[in-house]
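Secondary and tertiary structure notes
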Amino acid sequence: MWRKFDVAALRDAALAGLVAGALALPMLGFRLVDGVTGLTLAGHFDLVAWAVGLVFCGRLLIRLLPPLPALPALPARFGDLRLKAGWLLAGIALILPFLPFADRNLVDKATLVLIYIMLGWGLNIVVGLAGLLDLGFVAFYAVGAYSYALLSQTFGLSFWVCLPLAGLLSAGFGLALGFPVLRLRGDYLAIVTLGFGEIIRVILQNWQEVTGGPNGISGIERPSLFGLSFKAVAPEGQQSFAAFFGIDYSSEQRVIFLYFLILALALATNLFTLRIRRLPVGRAWEALREDEIACRSLGINPTTVKLSAFALGAMFAGFAGSFFATRQGFISPESFTFIESAVILAIVVLGGMGSQIGIVLAALLLVGLPEWFRELQQYRMLAFGGAMVLIMLWKPSGLLSHRAPTIRLGGNP
Amino acid sequence: MSEPPASGEALLDVDHVTMRFGGLFAVNDLSFSARSRQITAVIGPNGAGKTTLFNCITGFYKPQVGRLTLHHPQGPLLLERLDDHVISRRARVARTFQNIRLFARMSVLENLIVAQHTALMAASAFSLAGLLGLHRYRDAERRAVAKARHWLDRMALTGLADEAAGSLPYGHQRRLEIARAMCTDPLLLCLDEPAAGLNPRESAELNRLLRSIRDQDGIGLLLIEHDMSVVMEISDHVVVLDYGKKIAEGNPAEVKRDPAVIRAYLGEPDDADLPPEPTGSASC
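Everything numeric here is computed off the predicted structure, so don't read it as measured data.

**Regarding the overall build of chain A**
Helix and strand content of chain A: 16 helices and 6 strands. Here the C-alpha radius of gyration of chain A, 24 Å, is about what a compact globule of 413 residues would show, namely 22 Å. Per-residue burial over chain A gives 39% buried out of 413 residues. Residue pairs at least 24 apart in sequence account for 74% of intrachain contacts in chain A once pairs closer than 6 positions are excluded.

So this is what it looks like as C-alpha cells:
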C-alpha cells in the first residue's frame, strides 16, 4: 500500500533536499584545480544538483513507500537460536585460516574485524550494559598500545608480561576518567569522554621524549608462542616456531598466530561479559542503565558500579591495544583518532545495545565490508553511510536488540 | 539478620525537620513518629511537602534543620547523615516512587534479584567467587531466587516472572515495586502513593496486601496517599501536612473530624466574618 502523496510529504522531501544541498555545496560544489597559472577554483554545481535531486527523490520515496516489512517475529526459542548461531560463528572463526580459500589477505582482514569485535565487546560493558555513553573509548585502546610498546622497548618485557600490565594501566585510566564524570549522564558524559579521548591523543602527539610524537614508535617486539619466535631467524636463546615443529618457515605462520591470538582475546572478553551479566555487578550495571535513582533506593552504590564498568571496559580496550601494537609493529597517534571511537560506538549501537552477537554482525558490516570493497575507493564511505541510513530506517534499535533475562524462575537460561 | 523491633515501638522519629528550597519551606519544622507494626499515613493537599519528606527520610535530600532517627535493633541511626544508598543498606529503609521506577527492560525476577544486590555482592566476594562459579555464590543466588519467589507468590506475579517489568500492566508494576522494596528486608517501608492509578478492586487488593505486610512481616509502613478510602481504612496513625507544616495528627477518625484538616482540603470562606454555609463542609 502506497501512502498518500500530499504537501507535507513534498515539504519534507524539499527540506531533506535543502540540507543535502547545504552539505554538498562546499564538499562537491567547489574544487581546487591545479592549472598552469596556479590553483584555481572550479565549480561543479552539476554534482550538487545531482545530490539534491537524489536526496529529494529518496526522501520522497521513503515517505510514500509502504512501511518496510517488519522482520518476522522472533521465535520464542530465540535464545537457543542465538546460542547456536554464536557457536557456529565461533566454529567458523576457529577453522577460518585453514579453509581452502583462505589466504593471507583474508586472515589479515579477519584479524582486523576481530580487533573491532573485541573493542565492541569492551565498549558494550560501558555503553550497552551500564548505559554510560562513552565517545572517547579509543583513548584506552591507545593507552594499551603505548603501554605495551613503551614497556617492551624500555624494560625489554615480553608481550605476555606486558599484556596484563597494559590492561591494568588502561583500567587505571578508566578509573581516572570515571571519577570526574560520575555525576554526568547522557550527552554531557559523551562530551567529556570525547574530550578525554582527544586529550590522550594530543598528549601522545606532543610528548616527544616519551611517545615519539607524531613519528610514533616503531620496531615493536612481536609476540612469541611459549618462547617460540615467529621470525625467520630466531633471536639468540630462542627457537623459531618453524624449526621447533620441523616445518619450513613462512611469514604466514605469524599472521595465523596473530589471528588466533586475537580470537582468543576476543572470546575471553565475550566469555567474561556473558558471565558477569549474570553476577550482581553485571545486573547492577543494567539496573543503573535503567534507573539510577531506583538503584540508590535499593542500596546499590552508583559510584562503584559506574567505576567498575569504566575500568573493566577500559581493560579490554587495553588488551586490544596491546595486540594492535604487537601486530602492527608500529604505532602513532594517527591510529587513535576520534573516528575510531565513533566506529566502535557505531558497532555497539548498530548491533543492538547489549547484544553480544549483534556486535559481531555489526563489526562484520562496518569494518569487514568496507575492507572488502576497497576497490570502490572513495565511494565505499558513501556506501557505508547509505548502509547506516538503511539500517536506522529499518531497525532503529539495532540489529539484534532482543534482550534475554539473565535468570529465569526454575533454572538458569 | 536481626528481628524487627516489637509492636508499637517508635521506629522513626522525625524531629523538627525543615527542608528549604531557596525561600520555599517545603517541609517546615515537622515532628512526628512512625511506629513499627503500624501503618502511618502522611496526607495533605498537593504541594504540602509529602514527597519532599520522603526524599529526606530516604536520603535523596538533606534537610537543613532537624533530625531523623531510625531505631535500628543495633542502635539508633541518624538518617540525615547517611548517603541514600547507605540508608537502604544499613538503616534498612526501603521505598517506592510516585512515578514507578522499575528496571523496565529487565525481567520481573531480575528486578527482585537486583534488590538483593548487597547480600549477593557479599556472597560473591564482589563477583569474584561468582566469576569462578564457586558454590558459595550459587547457594546465595538460590536463596535470593527463593526470596524473590516468595514475594512473587504474595503479589500474585509468579506467572509473569520472566516478562520484562516495563511490559506489565500498571497495577502489576505497582505491586512489583512494593515486592522489590520488600526484597531488601526493610525495617521501614515508605510507599509514595501506592494506590495512584489503581481501580477500586486493585485498591482493595492493595489494602489487604499492606495489612499483611504490617501483620506478617512486622515492619513499619509509612505511606503518602491521596486515596482517602485507602488511608482511612488501613492507617493506624495519620499525619496531615499543609504548606510543609503539620496541621493535625491522630487516628483516622480524629483526623477526619479535625477542622484544620477540613479547611486545608476544602478551603476557607473568603470572608471569615461570614457565618459558615449551612451545608457543604460537613459532607466531606
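Additional details are given in the paragraphs that follow.
**Examining the overall build of chain B**
A count of helical and extended segments in chain B gives 11 helices and 10 strands. Expressed as a percentage of the 284 residues in chain B, the buried residues total 45%. Long-range contacts, defined as pairs at least 24 residues apart, comprise 66% of the intrachain contacts of chain B with a sequence gap of at least 6.

**Some points on the pairing of strand E1 (residues 30-35) of chain A**
The buried fraction of E1 of chain A is low, at 0 of 6 residues. Counting the residues in the hairpin turn of E1 of chain A and strand E2 (residues 38-43) of chain A gives 2 residues.

**A short note on the domain arrangement of chain A**
For chain A, the assigned domains are domain 1 (7-64) and domain 2 (78-232 + 250-394). If you average the C-alpha positions of domain 1 of chain A and of domain 2 of chain A, the two centres end up 36 Å apart.

**A few points about the sheet that holds strand E6 (residues 93-95) of chain B**
Residue and element names in this part refer to chain B. The sheet built from 6 strands is open, its strands ordered E6-E7-E8-E3-E9-E10 with mixed pairing. The sheet terminates laterally at E6 and strand E10 (245-250), the two strands that pair on one side only. For this sheet, the mean inter-axis angle between neighbouring strands, taken without regard to orientation, is 20°. Lying over the sheet, helix H11 (residues 259-266) contacts strand E9 (237-242) and E10, oriented at roughly 130° with respect to E10.

**Notes on the domain arrangement of chain B**
When the parts of a complex come together, some accessible area is lost, and that lost area is often taken as the interface size. Residues and elements named next belong to chain B. For chain B, the assigned domains are domain 1 (1-92 + 186-284) and domain 2 (100-184). Facing 10 residues of domain 1, the contacting portion of domain 2 comprises 8 residues. For the side of domain 1 that touches domain 2, the residue count by class is 6 nonpolar, 2 polar and 2 charged.

**Looking at the interface of chain A and chain B**
Taken together, the 25 residues of chain A in the interface contact 29 residues of chain B. When residues of the side of chain A that touches chain B are traced back to their parent elements, those giving at least two are helix H10 (251-276), helix H11 (280-290) and helix H12 (292-297) of chain A. For the side of chain A that touches chain B, the element with the highest residue contribution is H11 of chain A, accounting for 7 residues.

**Looking at the nonpolar core**
Membership of the largest hydrophobic core comes to 178 residues, with the highest contact counts inside it found for Met118 and Ala320 of chain A together with Leu188 of chain B. Ranked by size, the runner-up nonpolar core spans 6 residues in total, among them Ala13, Ala20, Val48 and Phe56 of chain A.

**Notes on the packing of H11 of chain A against helix H13 (residues 302-328) of chain A**
Residue and element names in this part refer to chain A. For the pair H11 and H13, interaxial distance at closest approach is 10 Å and the crossing angle is 105°. Judged by the inter-axis angle, H11 sits roughly perpendicular to H13. Where H11 approaches H13, its residues Val281, Ala284, Trp285 and Leu288 are matched on the opposing element by Pro302, Val305, Lys306, Ser308 and Ala309. Residues belonging to the contact of H11 with H13 are distributed by class as follows: 7 nonpolar, 1 polar and 1 charged.

**Side note on unusual backbone geometry**
All names here are of chain B. In the Ramachandran plot, His16 falls in the positive-phi region, its phi being about 45° despite a non-glycine side chain. You can see His16 is positioned in strand E1 (residues 10-21). Positioned with a positive phi, Asp29 is a non-glycine residue whose angle comes to about 50°. Tracing the backbone through its elements, the reader meets Asp29 in strand E2 (residues 24-35).

**So, the packing of helix H4 (residues 104-129) of chain A against H10 of chain A**
Residues and elements named next belong to chain A. Two elements in contact, H4 and H10, have axes whose closest approach is 9 Å; the angle formed by their N-to-C orientations is 20°. Overall, the two elements H4 and H10 adopt an arrangement that is roughly parallel. Between H4 and H10 the crossing geometry is left-handed. Looking at the contact of H4 with H10 residue by residue, the classes come out as 16 nonpolar, 6 polar and 3 charged.

**Some words on H11 of chain A**
The buried fraction of H11 of chain A is high, at 11 of 11 residues. Those residues of H11 of chain A lying buried are Pro280, Val281, Gly282, Arg283, Ala284, Trp285, Glu286, Ala287, Leu288, Arg289 and Glu290 of chain A. Contacts made by the buried residues of H11 of chain A are with H4, H10, H12 and H13 of chain A together with helix H3 (108-114) and helix H4 (117-123) of chain B.

**Observations concerning the environment of Leu228 of chain A**
Structurally, Leu228 of chain A can be placed in strand E4 (residues 228-229). Leave out the neighbours within four places in its chain, and Leu228 of chain A touches Gln239, Ser240, Phe241 and Phe244 of chain A.

**Structural notes on the sheet that holds E1 of chain B**
All names here are of chain B. An order of E2-E1-E4-E5 is seen for the 4 strands of this open sheet, with the pairing classed as antiparallel. Every interior strand has two partners, whereas the edge strands, E2 and strand E5 (75-78), have only one. Taken pair by pair, the neighbouring strands of this sheet meet at an average axis angle of 20°, ignoring direction. In the sheet, strand E4 (residues 65-72) pairs with E5 via 4 bridges, with the strands oriented antiparallel. Each bridged residue has a counterpart across the sheet, and for Leu70 the counterpart in E5 is Leu77. Packing of helix H1 (residues 50-57) onto the sheet brings it into contact with E1, E2 and E4, and relative to E2 it is tilted by some 65°.

**Section: the confidence of the model for chain B**
Residues and elements named next belong to chain B. Summarising the model, chain B shows a mean pLDDT of 85, and 89% of its residues fall at 70 or more. Predicted confidence in chain B is weakest over helix H5 (residues 128-131), with a mean pLDDT of 68, and strongest over H3, with 93. Note that residues 279-284 has pLDDT below 50 and, in this model, 6 contacts with residues that lie over four places away or in other chains. In the predicted complex, the global pTM is 0.84; the interface-specific ipTM is 0.85.

**A word on the environment of Ala122 of chain B**
All names here are of chain B. With respect to the helices, strands and loops of the structure, Ala122 is situated in helix H4. Take Ala122: there are 11 C-beta atoms within 10 Å of it, and that puts it in the exposed class. In sequence terms Ala122 and Ala140 are 18 residues apart; their C-alpha atoms lie 9.4 Å from each other.

**Quick word on the pairing of E1 of chain B**
All names here are of chain B. In this sheet, E2 lies alongside E1 in antiparallel orientation, the contact comprising 8 bridges. The residue of E2 that forms the bridge with Met19 is Val27. Counted along the chain from E1 to the antiparallel partner E2, the turn is 2 residues long, and its residue Gly22 has a positive phi close to 60°. Looking at chain direction, E1 and E4 are connected through 5 bridges and run antiparallel. Paired with Asp15 across the two strands is Arg67, which belongs to E4.

So, how was this worked out
Residues numbered from 1 in each chain as written. Chains lettered and ligands numbered in written order. Predicted model: local features only at pLDDT ≥ 70, side-chain atom pairs only at ≥ 80, totals over all residues. Helix = DSSP H or I, 4+ residues; strand = E, 2+ residues; numbered from the N terminus. Rg over C-alpha atoms; globule rule 2.2 N^0.38 Å. Buried ≥ 20, exposed ≤ 12 C-beta atoms within 10 Å, placed from the backbone. Contact = placed C-beta atoms within 7 Å. Pairing = 2+ DSSP bridges. Domains from an automatic or database assignment. Axes fitted to C-alpha atoms, helices over the stretch in contact; angles between N-to-C directions. Nonpolar A, V, L, I, M, F, W, Y, C, P; charged D, E, K, R; others polar. Core = buried A, V, L, I, M, F, W, Y, C linked by C-beta atoms within 7 Å. Parallel < 35°, antiparallel > 145°, perpendicular 65-115°, else oblique. Left-handed = near helix turned anticlockwise from the far one by under 90°. pLDDT = per-residue confidence, 0-100.

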